[in-house]
Amino acid sequence: MEILQIVGIALTATFLALIIKEQKPAFSSMLVIFVSIVIFLFLVEQIYEIIRMLERIAINANVNMVYLETILKIIGIAYIAEFGAQITKDAGQGAIAAKIEMAGKILILVMAIPILTVIIETVISLIPS
């Protein structure tokens, strides 16, 4: 099972980071970042399969692919912002992590405006005059 491998890698890295942190804090942070990236790369295949499945569903449902692409970009922004913020927090930089989270939220809002516009226009068109 993949989750056992991921948890095993994460726990091993955690113990190593705790041991290394006392002697070389910079190496400990680099180890955490490296393992985080390895775990992400381990999941790339599953992410790709999810995207393909969503594309097939959208095609079968006759959904405009622009909307699906926008939603996938929004999800990507959320995950990347969370990933960056967590690593930054782990490095002891909570203020920078908060700025990453804020930037992610603003970018998500910007990306969502076209979808929100279509939803509002659809609702308005359904309301009798």
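Refer to the preceding data block for the structure.
All values reported here derive from a predicted model rather than from experimental measurement.

Chemist: Any chance you could explain the environment of Leu-43 here in plain terms?
Modeler: Its location among the elements puts Leu-43 in the loop between helix H2 (25–42) and helix H3 (44–60). The exposure class assigned to Leu-43 is partly exposed, which follows from its relative accessible area of 33%. Spatially, the C-alpha atom of Leu-43 lies 14 Å from that of Phe-83, the residues being 40 residues apart in sequence.

Chemist: Can you help me understand the packing of aromatic side chains in this one?
Modeler: Aromatic ring pairs are described here by two measures, namely the spacing of the ring centres and the angle between the planes. Scanning the model with the defined rule gives one aromatic pair in all. With a centroid separation of 6.3 Å and 40 degrees between ring planes, the pair formed by Phe-40 and Phe-83 is classed as tilted. Placement of the pair is Phe-40 in helix H2 and Phe-83 in helix H4 (residues 65–90), with a sequence separation of 43 residues. Given a relative accessible area of 44%, Phe-40 falls into the partly exposed group.

Chemist: Explain the environment of Ile-39 to me, please; I cannot follow it from the model alone.
Modeler: Here Ile-39 shows up in helix H2. With twelve residues separating them in the primary sequence, Ile-39 and Phe-27 have C-alpha atoms 18 Å apart. Residues within four places of Ile-39 in sequence aside, it is in contact with Ile-6 and Ala-10.

Chemist: Any chance you could explain a nonpolar patch on the surface here in plain terms?
Modeler: A contiguous nonpolar patch, built from Ile-33, Ile-37, Phe-40, Leu-41, Phe-42, Leu-43, Val-44, Ile-47 and Phe-83 and spanning about 720 Å² of accessible area, is present on the exposed surface. Among the elements of the structure, H2 and H3 are those that each provide at least two residues to the nonpolar patch. Relative to the assigned elements, Ile-33 resides in helix H2. Here Ile-33 falls in the partly exposed class, since its relative accessible area comes to 35%.

Chemist: What's the story with the nonpolar core in this structure? I'm lost.
Modeler: Nonpolar side chains tend to gather and get buried jointly when the protein is soluble and globular. One finds Ile-6, Ala-13, Ala-17, Leu-31, Val-35 and Ile-39 forming the largest nonpolar core, which totals six residues. Where this core is concerned, the elements lending two or more residues are helix H1 (2–23) and H2. If we ignore the near neighbours within four places in the chain, the residues touching Ile-6 are Ile-39, Phe-42 and Leu-43.

Chemist: I tried to follow the pattern of salt bridges on my own but got confused; where do I start?
Modeler: A pair can form between side chains of opposite charge whenever their charged atoms are brought close. Under the defined criterion, the tally for this structure stands at one salt bridge. For Lys-89, the salt bridge goes to Glu-101, with nearest N and O atoms at 3.2 Å. Taken together, the residues Lys-89 in helix H4 and Glu-101 in helix H5 (residues 94–126) connect sequence positions twelve residues apart. Among the residues examined, Lys-89 registers a relative accessible area of 38% and is labelled partly exposed. Of the residues examined, Glu-101 reaches a relative accessible area of 24% and is grouped as partly exposed.

About the cut-offs
Residues numbered from 1 in each chain as written. Predicted model: local features only at pLDDT ≥ 70, side-chain atom pairs only at ≥ 80, totals over all residues. Heavy atoms only, no water. Helix = DSSP H or I, 4+ residues; strand = E, 2+ residues; numbered from the N terminus. Buried < 20%, exposed > 50% of the residue type's maximum accessible area, 1.4 Å probe, protein only. Phe/Tyr/Trp six-rings, centres within 6.5 Å; stacked < 30°, edge-to-face > 60°. Contact = heavy atoms within 4.5 Å. Patch = residues over 30% accessible without salt bridge, like charges linked within 9 Å, V, L, I, M, F, W, Y side chains within 5 Å. Areas by Shrake-Rupley, 256 points an atom, 1.4 Å probe, with all protein chains shown as cover. Salt bridge = Lys/Arg side-chain N within 4 Å of Asp/Glu carboxyl O. Core = buried A, V, L, I, M, F, W, Y, C linked by side-chain atoms within 4.5 Å.

None of this, on its own, says anything about what the molecule does.
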